[in-house]
Amino acid sequence: MQPQSTHPQPRPGILDIAPYVPGKAMSTGGAKLHKLSSNESPLGASPKALAAYREAGVDLERYPDGSSALLRAAIAEVHGLNADRIICGNGSDEILELVARCYIGPGDEAIYSEYGFLVYKIAILAAGGTPVVAPERNLTTDVDAILERVTDRTKVVFLANPNNPTGTYLPFDEVKRLQAGLPPHVLLVLDAAYAEYVRRNDYEAGVELAATAPNVVMTRTFSKIHGLAALRLGWGYGPAHVIDALNRVRGPFNINTAAQAAGIASIRDASFLDLAIAHNEKWRGWVTEEITALGLTVTPSVGNFVLIHFPETPGKTAAEADSYLSARGCVLRAVGAYGLPGALRMSIGDEEANRATVGILKEYLSA
Ligand SMILES: *Cc1c(COP(=O)(O)O)cnc(C)c1O
């Protein structure tokens, strides 16, 4: 026997993971709290989803439907998809992890872009793989930079479109160029968590590509526009062979009954989603204009959040703005972990929260 460590050791890679730090929930001050740190919906969930959730709470002794059949049927109906090729996840994060567990192992590489969603790096390292980062241009994914980094060992490319925390997006032509440039053994994951918010003619979430290409899977979430983040619900759409692999690895009852019921009601409530889209359009525009007028740079966003850049001048920095805002009840998201220490991400809130944040920022900059 080889001498072993004095206590059990995780696999190589696990201790390289920097734990994901969620958006702060608590402010330090006594003022009313406006939580604008996790891109949650200011409109909350659809009243129909809330009713379905309450109804599901009456009987709790039975296991959920492990195949989420009714939920998949509802998603398929609303989006015009084949229900057999949908997989539901405990948040879309679970689907990203399942992809990593199924397709990435020690010695394998997976690519994501410089300011891409942090969950990709965690999922790759947890699977024992090697993360490969492709630099961005103008805080936007650079397709050529990704393609240049593909090797024989590349197994997966993760692309958030639009991306969090930058709010930028790739036109669908660029996504298609990326897919066309990848060798057939590489799986392209299109994470479209914010798809519903995008109002651009050249954008597509990737439904068509996931339906037709043998190496593309699209992920979606109920955490953002549906306002159901607490229930943890997401879904993926892809080729039958990919969905089959993911289904073998996922927990047999990964979606609880209440989440299934609320998800079905929510996805069918199109008029509620329209309200959320209209609210976001209006206030994202307002917030962007007002903050730009204060002399700060705001990266043009197509999502339900904006990235605000601060000067390095002491007294005017992002870190100091973060403390100043949270002490006054407005909690934004510091994005130093994304390599953006000079910026803060602000989720679009309700009118009161948006006005409060802009007002406090004005006060901060003139102090
Ligand atoms: C919020 C977000 C998700 C959604 O995660 P869930 O696990 O579904 O809550 C996925 N991808 C990105 C880029 C996100 O910002």
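These figures come from a predicted structure and were not determined experimentally. (Residues numbered from 1 in each chain as written. Predicted model: local features only at pLDDT ≥ 70, side-chain atom pairs only at ≥ 80, totals over all residues. Heavy atoms only, no water.)

1. A short note on the sheet that holds strand β7 (residues 216–221)
In a beta sheet, neighbouring strands pair by backbone hydrogen bonds and run either parallel or antiparallel. If you trace the 7 strands from one edge of the open sheet to the other, you get β2-β8-β7-β6-β5-β3-β4, paired in mixed fashion. Of all the strands in the sheet, the pair left with one neighbour each is β2 (86–89) and β4 (130–134). Averaged over all adjacent pairs, the angle separating strand axes in this sheet is 20°, with direction ignored. Here strand β6 (residues 187–191) runs beside β7; their pairing, made up of 4 bridges, is parallel. When the bridges of β7 are listed, L188 appears paired with V216. Against the sheet, helix α3 (residues 92–103) touches β2, β5 (154–160), β6, β7 and β8 (234–237), its axis set at about 155° to β7. (Pairing = 2+ DSSP bridges. Helix = DSSP H or I, 4+ residues; strand = E, 2+ residues; numbered from the N terminus. Axes fitted to C-alpha atoms, helices over the stretch in contact; angles between N-to-C directions. Contact = heavy atoms within 4.5 Å.)

2. A look at unusual backbone geometry
The phi torsion of most residues other than glycine is negative, and most of the peptide bonds are trans. Going from N161 to P162, the amide bond is cis rather than trans, its omega being 0°. Cis geometry marks the peptide bond from N164 to P165; its omega dihedral reads 20°. Tracing the sequence through the fold places P165 in the loop between β5 and α6 (172–181). Even without being a glycine, S68 presents a positive backbone phi close to 45°. Mapped onto the elements, S68 comes out in the loop between α1 (47–56) and α2 (69–79). A positive phi is found at N138, a non-glycine position, where the angle reads about 55°.

3. A closer look at the UniProt feature "domain: Aminotransferase class I/classII large" (unreviewed entry) in the chain
When the UniProt feature table is mapped onto this chain, "domain: Aminotransferase class I/classII large" (unreviewed entry) is found at residues 34–356. With 39% helix and 17% strand, residues 34–356 has end C-alpha atoms that lie 9 Å from one another. (UniProt positions renumbered as here; feature names shortened; annotations may be inferred.)

4. Remarks on the domain arrangement of the chain
Along its sequence, the chain is organised into domain 1 (14–44 + 271–366) and domain 2 (47–268). With 31 residues of domain 1 at the contact, the number on the domain 2 side is 29 residues. Counting the surface lost from both domain 1 and domain 2, the interface buries some 2600 Å², and carbon and sulfur atoms represent 70% of this. Looking at the side of domain 1 facing domain 2, the largest losses of area belong to L273, V302 and Y338, adding up to 27% of the total buried there. At the surface where domain 1 touches domain 2, the tally comes to 0 salt bridges. Between the two partners, domain 1 and domain 2, sit 5 residue pairs in polar contact (both at pLDDT 80 or more). Looking at the side of domain 1 that touches domain 2, the elements that each hand over two or more residues are α10 (270–293) and β10 (305–309). It is α10 that contributes the most residues to the side of domain 1 that touches domain 2, 7 residues altogether. When grouped by side-chain class, the residues that make up the side of domain 1 that touches domain 2 number 16 nonpolar, 11 polar and 4 charged. (Domains from an automatic or database assignment. Buried area = accessible area lost by both parts, 1.4 Å probe. Salt bridge = Lys/Arg side-chain N within 4 Å of Asp/Glu carboxyl O. Polar contact = N/O pair within 3.5 Å; in protein donor to acceptor, adjacent residues only side chain to side chain. Nonpolar A, V, L, I, M, F, W, Y, C, P; charged D, E, K, R; others polar.)

5. What about helix α12 (residues 351–366)?
Given a rise of 1.5 Å per residue, 16 residues ought to cover 22 Å, and the 23 Å separating the end C-alpha atoms of α12 matches this to within 8%. Among all positions in α12, only A353, N354, T357, V358, I360, L361, Y364 and L365 are buried. Down the axis of α12, the buried side of the element spans an arc of 165°, and every buried residue falls inside it. For α12, the exposed residues set more than 90 degrees away from the buried face come down to K362 and S366. Residues of α12 that are buried make contact with β1 (34–35), α10, β10, α11 (318–327), β11 (330–331) and β13 (343–347). (Expected span 1.5 Å × (residues − 1). Buried < 20%, exposed > 50% of the residue type's maximum accessible area, 1.4 Å probe, protein only. Arc of directions from axis to C-beta.)

6. Remarks on the UniProt feature "modified residue: N6-(pyridoxal phosphate)lysine" (unreviewed entry) in the chain
Residues annotated in UniProt with the feature "modified residue: N6-(pyridoxal phosphate)lysine" (unreviewed entry) correspond here to K224. Considering the arrangement of structural elements, one finds K224 in the loop between β7 and β8. Given the relative accessible area of 14%, K224 is considered buried. In this structure K224 touches S38, N39, S41, A193, Y194 and Y197, once residues within four positions along its chain are discounted.

7. Some remarks on the sheet that holds strand β12 (residues 333–334)
One open sheet holds the 4 strands; their spatial order is β9-β10-β13-β12, and the pairing between them is antiparallel. Edge positions in the open sheet fall to β9 (297–299) and β12, since each of these has one partner strand only. Taken together, the 3 bridges between β9 and β10 define a ladder with antiparallel strand orientation. Of the residues in β10, the one forming a bridge with V298 is I308. Sheet strands touched by α11: β12 and β13. Its angle to β13, the strand with the most contacts, is close to 40°.

8. Thoughts on the side chain of R284
Mapped onto the elements of the fold, R284 is located in helix α10. With a relative accessible area of 10%, R284 lands in the buried category. Polar contacts involving the side chain of R284 include one to the main-chain carbonyl oxygen of S301, which spans 3.3 Å. Each residue touching R284, except ones within four places of it in the same chain, is listed here: Y197, S301, V302, G303, V306 and I348.

9. A closer look at the state of the cysteines
Simply put, disulfide is the name for a covalent bond between the sulfur atoms of two cysteines. Counting across every chain of the model gives 0 disulfides. Unpaired in terms of disulfides, C88 finds its nearest cysteine sulfur in C102, a separation of 16 Å. (Disulfide = S-S within 2.5 Å.)

10. Remarks on the packing of α11 against α12
Where α11 meets α12, the axes come as close as 10 Å, and the angle between the chain directions of the two elements is 125°. Taken as axis vectors, α11 and α12 run oblique relative to one another. Crossing geometry of α11 relative to α12 is assigned as right-handed. Judged by residue contacts, E320, A321, Y324 and L325 of α11 engage T357, I360, L361, E363 and Y364 from α12. Of the residues assigned to the contact of α11 with α12, the class counts are 6 nonpolar, 1 polar and 2 charged. (Parallel < 35°, antiparallel > 145°, perpendicular 65-115°, else oblique. Left-handed = near helix turned anticlockwise from the far one by under 90°.)

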